[in-house]
Amino acid sequence: MSAEKRNFVDEFESPDFYALDDLLTDEHKLIRSSVRDFVKKEITPFIEGWAEKNHFPEEIVKKFGEVGAFGPTVPAEYGGGGLDYISYGLIMQEVERGDSGMRSTASVQGSLVMYPIYAYGSEEQRKKYLPKLASGEMLGCFGLTEPNHGSNPSGMETNFKDMGDHYLLNGAKMWISNSPKADIAVVWAKNEEGRIHGLIVERGMEGFTTPETHGKWSLRASCTGELVFSDVKVPKENLLPGKNGLGAPMGCLDKARYGIAWGAIGAAMDCYDSARRYSLERIQFGKPIGSFQLVQKKLSEMLTEITKAQLLNWKLGKMMDEGKASTSQISMAKRNSVEVALNIAREARQIHGGMGITGEYPMMRHMMNLESVVTYEGTHDIHLLILGAEITGIPAFK
Ligand code: TGC
Ligand code: FAD
């Protein structure tokens with residue numbers, strides 16, 4: 001199924017009030033403009049139709065591979081982009097400017113599938129999977145959350161037993177982005193001693209199914225599902241040997257949460273830009289609504305929050321490049337960006353009046369998407385508690 005192209009021109013202009021472009025290299029700007037052009041051509045003309053029809057456009061996977069959206073920081077010898085974290089952030093910002101569900105597809109593939117295979121995998125696993133994941137020939141997913149364990153993944157029940165020549169995997173994962181279409185799943189499960197390990201499970205392995213989750217009012221252009229393991233025989237060479245314990249999946253989440261910090265601001269920029277343009281075009285009481293103080297207040301506050309978040313993200317990117325960014329610094333940025341984006345989506349929708357509730361404009365879709373973004377990769381409150389634990393030294397999770 002391919003949704004019809006919308007009859008509109010994507011006039012998006014990115015706000016850069018503090019001349020942040022001065023902090024970017026020519027390569028960064030080139031990467032950003034190539035992904036922005038890609039989004040204008042391949043995503044925004046179709047996205048309202050996909051979201052309305054709850055359709056995941058499978059053909060986007062190869063296209064993302066071609067534009068370099070998968071695993072930008074993975075070394076080029078494995079098919080990745082060999083780029084820095086500012087480049088990665090800019091790519092996520094541009095893709096989520098188009099749609100959070102599209103960014104989900106890209107960030108799961110890059111940060112949650114390619115990163116663990118690169119960082120914790122054997123050389124054979126890297127060679128076998130990474131080039132195909134980078135090119136979009138293969139799609140992956142990441143299974144951490146379970147029906148009974150969301151915010152507390154350490155309680156997971158999914159487990160595997162050593163059967164001598166293979167592992168036997170049992171359990172279930174829930175809310176897994178890409179799962180219904182994924183060729184492989186990086187699955188986190190406990191061994192007989194209760195230690196968490198990562199396993200690569202391939203579609204087609206007996207006893208492995210990926211039922212789709214229906215009825216979502218959010219991320220409707222992204223596919224979400226379960227991972228069900230019923231006595232799945234996993235070859236021993238599919239265990240990720242490089243790292244185990246909860247720190248292994250959490251290390252992947254640090255990368256993905258960083259990408260979300262940039263991505264959510266992309267969605268915010270789209271809403272702001274639409275509201276700015278609408279405020280100049282829409283006439284009420286004989287004047288553009290942008291001439292009224294209350295509308296200017298909304299726009300000014302949006303731009304202020306976007307600019308603050310852009311600066312935070314850029315500095316975080318520099319710290320990521322130096323290997324100095326802490327989990328709590330990443331939590332602050334993810335939490336801040338999503339809150340900023342949700343508030344801006346709501347304010348921008350108000351500026352569009354009744355038109356703001358239609359698919360003619362992007363705010364309602366962004367707003368509904370962001371309700372997932374504020375929940376996944378650690379809920380808003382879990383990130384607050386991560387910061388609270390950092391400040392006080394006292395974890396308040398349990
Ligand atoms: P806690 O006792 O704090 O830690 C247990 C062990 O894990 C280590 N660790 C980390 N290591 C590296 N990086 C991190 N970010 C780490 N966070 C924790 C920690 O050092 C410790 O290691 P060790 O060796 O001492 O055992 O763990 P806890 O059980 O109290 O939980 C802490 C908590 C709540 C902060 C954490 O579990 C959490 O962040 N929960 C949220 C769960 C979450 O984010 N799930 C995301 C699922 S994936 C997803 O949503 C993908 S959506 C993708 C998309 O579509 O874009
Ligand atoms: P719960 O953990 O049950 O939380 C419910 C509420 O309780 C929240 O408000 C939470 O903040 C609060 N709460 C929980 N514990 C505490 C506490 N200690 N103190 C205070 N408040 C607390 N997971 C994956 O593994 N892979 C994926 O690809 C993936 N994709 C997703 C895609 C979508 C569209 C969605 C919606 C989720 C996805 N997730 C994925 C799962 C996501 O990470 C979880 O939904 C999230 O971690 C929260 O878990 P939960 O839904 O079980 O909520």
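All of the points below concern the structure found in this document. On a predicted model such as this, the values are computed, not experimentally measured, just so you know.

### Examining the pattern of salt bridges
When the charged atoms of two side chains with opposite charge come close together, those side chains can pair.
1) Next: Under the definition given, this model contains 23 salt bridges.
2) Next: For R97, the salt bridge is made with D10, and the minimal N-O distance between the two is 2.8 Å. One end of the pair, R97, is in helix α4 (residues 85-98); the other, D10, is in the segment before α1 (26-42), and 87 residues separate them in sequence.
3) Next: With relative accessibility at 2%, the residue R97 sits in the buried group.
4) Next: Of the charged contacts in the structure, one is a salt bridge between E42 and K63, with a shortest N-O distance of 2.9 Å. Of this pair, E42 sits in helix α1 while K63 sits in helix α3 (residues 60-67), and the two are 21 residues apart along the sequence.
5) Next: Exposure remark for K63: the relative accessible area of 28% places this residue in the partly exposed category.
6) Next: Overlapping salt bridges, with partners in common, bring together E11, E13, D273, R276 and R277 in one network.

### Considerations on the side chain of E377
1) Next: Structurally, E377 can be placed in the loop between α10 (363-373) and α11 (380-392).
2) Next: For the buried E377, which has no salt bridge, the nearest side chain bearing the opposite charge is R257, at an N-O separation of 4.5 Å.
3) Next: In contact with E377, other than residues within four places in its own chain, are L112, L253, A256, R257, I260, K334 and H383.

Conventions and cut-offs
- Residues numbered from 1 in each chain as written.
- Chains lettered and ligands numbered in written order.
- Predicted model: local features only at pLDDT ≥ 70, side-chain atom pairs only at ≥ 80, totals over all residues.
- Heavy atoms only, no water.
- Salt bridge = Lys/Arg side-chain N within 4 Å of Asp/Glu carboxyl O.
- Helix = DSSP H or I, 4+ residues; strand = E, 2+ residues; numbered from the N terminus.
- Buried < 20%, exposed > 50% of the residue type's maximum accessible area, 1.4 Å probe, protein only.
- Lys, Arg positive; Asp, Glu negative; His and termini not counted.
- Contact = heavy atoms within 4.5 Å.

These values are about where atoms sit, not about what they do.
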